[in-house]
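Coordinates in review
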Amino acid sequence: MKIIIYTTPTCVYCRMTKEFLDKRGVSYIERNVIEDESAREEMINKSHQLGVPVIDIDGEIFVGFNRSELESLLKSNQSLSSKKI
Amino acid sequence: MYDLAIIGGGPAGVAGGVYAARKKMKTVLITDFFGGQSLVSADIQNWIGVVSISGFEWGKKLEEHLRAQESIDIMDSDLVSKVERMDGGWRLLTQSGKAIEAKTMLLTSGSRRRKLNVPGEKEFESRGVAYCSICDAPLFKDRAVVVAGGGNSGLEATIDLLPYATKIFLLHRGDVLKGDPVTQEKVVRNPKVQVILNVEIQEIIGSQIVTGLKYRDKISSDVRMLDVQGVFVEIGSVPNSDFVKEFVKLNDWGEVVVDHKTQRTSVEGIWAAGDITDVMYKQNNISMGDAVKATLNIYEYFRSR
């Protein structure tokens, strides 16, 4: 599972999303859309969103920090990967 | 069965929790997250004893203080969605499907952002319509934006946007701005800012993202259009009192009516503190104090029974 989080440094919900994933030992790539112009373009092209965090999970786009949505997504992903084994 | 269930993890809930734990009341606190509405504040400068702190760090401090208490149960990442009366107390049902029983309740669930409720608002949420200026202001670099609301939060959103936006229309429905004079001065004298008063916002327009906002001038009744790519909504708040509206007395604004000496509500066994109540000033320091008052009164209530 590849996760990219598009963030701004001042965004609280971005920090909450990162903490949520950190606590569960899930790795992700963070792209700061303020410092990195290309990340900003990439985020807007992918999602047409003007709000952070934008979370890209294997190409599926999520906007904002929605704990229960992320939780169930991680759960279904984990059961998928354990089935593969 | 718990002696006390505290609903909410903002300043009021945490203050109540710390006091209840120190009084050794059997207490549970249920909250979605810690820190309340100030969580999204860039810089809190009026929390007494600390000169300056971000809302995020402040929320962490509240959580840390509560978790340092030995005797309190904490259920975070959850919300109370329904309350039922039961023999000798209350049954609280949470979003995740748990049921909690408690003899008394302290309501500290605060309030949430008021929305404009105009066409286009929902459709373009996070496609130009924003509710967290500190989060999203940098994304509006080189764009023109509207800030809706002339109170303190509207003024602060304008300040957050100043380094990025090319033009900021500050729209207010009244005929004078409401926020603190010190902040007003800072905002109004900036050439990027144009204040428009007596405004009734009618519609947010766009295709993939926001392209404009339509409003009516309440004096002339003219309908005008602003070419903007962003709308920041800062028009006050609505109390989170829906889950108790069948039991406790609310005022016209949905605030829980309390006795300000004891924080008791209209129903025996239910107290409330902070922004959910009809307290005149919605402030972190006041919410904390009011919750302390409530908790001490709950302690008295058990002792005198």
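Look a little higher up for the structure.
Residues numbered from 1 in each chain as written. Chains lettered and ligands numbered in written order. Predicted model: local features only at pLDDT ≥ 70, side-chain atom pairs only at ≥ 80, totals over all residues. Heavy atoms only, no water.

This part covers the overall build of chain B. Of the regular secondary structure elements, chain B holds 6 helices and 17 strands. For chain B, whose C-alpha radius of gyration is 21 Å, the value lies close to the compact-globule estimate of 19 Å for 305 residues. Sorting the 305 residues of chain B into buried and exposed places 52% on the buried side. A sequence separation of at least 24 residues applies to 58% of the contacts in chain B between residues at least 6 apart. Accessible surface for chain B amounts to roughly 14400 Å². Of this, 48% is attributable to carbon and sulfur atoms. When the 38 basic and 39 acidic side-chain charges of chain B are each reduced to a single mean position, those positions are 2 Å apart. (Helix = DSSP H or I, 4+ residues; strand = E, 2+ residues; numbered from the N terminus. Rg over C-alpha atoms; globule rule 2.2 N^0.38 Å. Buried < 20%, exposed > 50% of the residue type's maximum accessible area, 1.4 Å probe, protein only. Contact = heavy atoms within 4.5 Å. Areas by Shrake-Rupley, 256 points an atom, 1.4 Å probe, with all protein chains shown as cover. Lys, Arg positive; Asp, Glu negative; His and termini not counted. Charge placed at Lys NZ, Arg CZ, Asp CG, Glu CD.)

Here we take up helix α2 (residues 55-67) of chain B. If you check α2 of chain B, its first and last C-alpha atoms are 18 Å apart, about what 13 residues at 1.5 Å a residue would give, namely 18 Å. Listing the buried residues of α2 of chain B in full gives Gly 55, Phe 56, Trp 58, Gly 59, Leu 62, Glu 63 and Leu 66 of chain B. Buried residues in α2 of chain B, looked at end-on, bunch into an arc of 165 degrees, giving them a common side. Buried residues along α2 of chain B sit in contact with α1 (12-23) of chain A together with α1 (11-22), β2 (27-31), β3 (73-76) and α6 (284-303) of chain B. (Expected span 1.5 Å × (residues − 1). Arc of directions from axis to C-beta.)

This part is about the interface of chain B and chain A. Chain B puts 24 residues into the contact, and the matching count from chain A is 21 residues. Residues Asp 32 of chain B and Arg 67 of chain A are paired through a salt bridge, measuring 2.8 Å at the closest nitrogen-oxygen approach. Here the residues of the side of chain B that touches chain A are counted per class, giving 11 nonpolar, 5 polar and 8 charged. (Salt bridge = Lys/Arg side-chain N within 4 Å of Asp/Glu carboxyl O. Nonpolar A, V, L, I, M, F, W, Y, C, P; charged D, E, K, R; others polar.)

Okay, the nonpolar core next. In terms of nonpolar packing, the biggest core is built from 48 residues, with Met 43 of chain A together with Leu 161 of chain B touching the most fellow members. Broken down by element, the residue count for this core peaks at 5 residues, all from α1 of chain A. If sequence neighbours within four positions are ignored, Leu 161 of chain B has contacts with Ala 137, Phe 140, Val 145, Val 147, Ile 168 and Phe 232 of chain B. (Core = buried A, V, L, I, M, F, W, Y, C linked by side-chain atoms within 4.5 Å.)

A few words on the sheet that holds strand β12 (residues 199-206) of chain B. Residue and element names in this part refer to chain B. Taken in spatial order, the 3 strands make up an open sheet running β12-β13-β14, and their pairing is antiparallel. Two strands bound the open sheet, and with one partner strand each, they are β12 and β14 (223-226). Averaged over all adjacent pairs, the angle separating strand axes in this sheet is 25 degrees, with direction ignored. Pairing of β12 with strand β13 (residues 210-217) involves 7 bridges; the strand directions are antiparallel. Bridge pairing links Glu 200 to Arg 216 in β13. (Pairing = 2+ DSSP bridges. Axes fitted to C-alpha atoms, helices over the stretch in contact; angles between N-to-C directions.)

Let us look at a positive patch on the surface. Judged by side-chain charge, Arg 114, Arg 173, Lys 178 and Lys 218 of chain B come together as a positively charged surface patch. Note that Lys 178 of chain B resides in the loop between β10 (167-171) and α5 (181-188). (Patch = residues over 30% accessible without salt bridge, like charges linked within 9 Å, V, L, I, M, F, W, Y side chains within 5 Å.)

Take the packing of aromatic side chains next. Under the defined criterion, the tally for this structure stands at 6 aromatic pairs over all chains. Seen in terms of ring centroids, Trp 271 of chain B and Tyr 301 of chain B are 5.2 Å apart; in terms of plane orientation they differ by 75 degrees. Their pairing is edge-to-face. In this pair, Trp 271 of chain B is assigned in strand β17 (residues 270-272) and Tyr 301 of chain B in helix α6, connecting sequence segments 30 residues apart. Here the two residues Trp 271 of chain B and Tyr 301 of chain B agree in accessibility, since each one is buried. When the centroid spacing of 5.6 Å and the interplanar angle of 70 degrees are considered together, the rings of Tyr 301 of chain B and Phe 302 of chain B count as edge-to-face. A relative accessible area of 21% places Phe 302 of chain B in the partly exposed class. Each residue in the set Trp 271, Tyr 301 and Phe 302 of chain B is aromatic and connected to the rest through ring pairs, giving one cluster. Positioned over the ring face of Phe 20 of chain A is Arg 24 of chain A, at 3.7 Å from the centre of the ring. The residue whose ring lies beneath Lys 115 of chain B is Tyr 131 of chain B, and the NZ or CZ to ring-centre distance is 4.8 Å. (Phe/Tyr/Trp six-rings, centres within 6.5 Å; stacked < 30°, edge-to-face > 60°. Lys NZ or Arg CZ within 6 Å of the ring centre and 35° of its normal.)

Residues and elements named next belong to chain B. Considering the arrangement of structural elements, one finds Thr 104 in strand β6 (residues 99-107). Residue Thr 104 is classed as buried on the basis of its relative accessible area, which comes to 0%. Within polar-contact distance, the side chain of Thr 104 engages the backbone oxygen of Asp 3 at 2.8 Å. Ignoring anything within four residues of it in the chain, the contact list for Thr 104 reads Asp 3, Leu 4, Ala 5, Trp 90, Gly 269, Trp 271, Ile 298, Tyr 301 and Phe 302. (Polar contact = N/O pair within 3.5 Å; in protein donor to acceptor, adjacent residues only side chain to side chain.)

All right, on to the side chain of Arg 40 of chain A then. You can see Arg 40 of chain A is positioned in helix α2 (residues 37-47). Overall, the relative accessible area of 8% leaves Arg 40 of chain A in the buried class. Once residues within four sequence positions are removed from consideration, Arg 40 of chain A is found in contact with Val 33 of chain A together with Leu 139, Lys 141 and Arg 143 of chain B.

Strand order across the open sheet formed by 5 strands is β8-β15-β9-β10-β11 (chain B), with parallel pairing between neighbours. Looking at which strands have only one partner, the edges of the open sheet turn out to be β8 (129-130) and β11 (193-196) of chain B.

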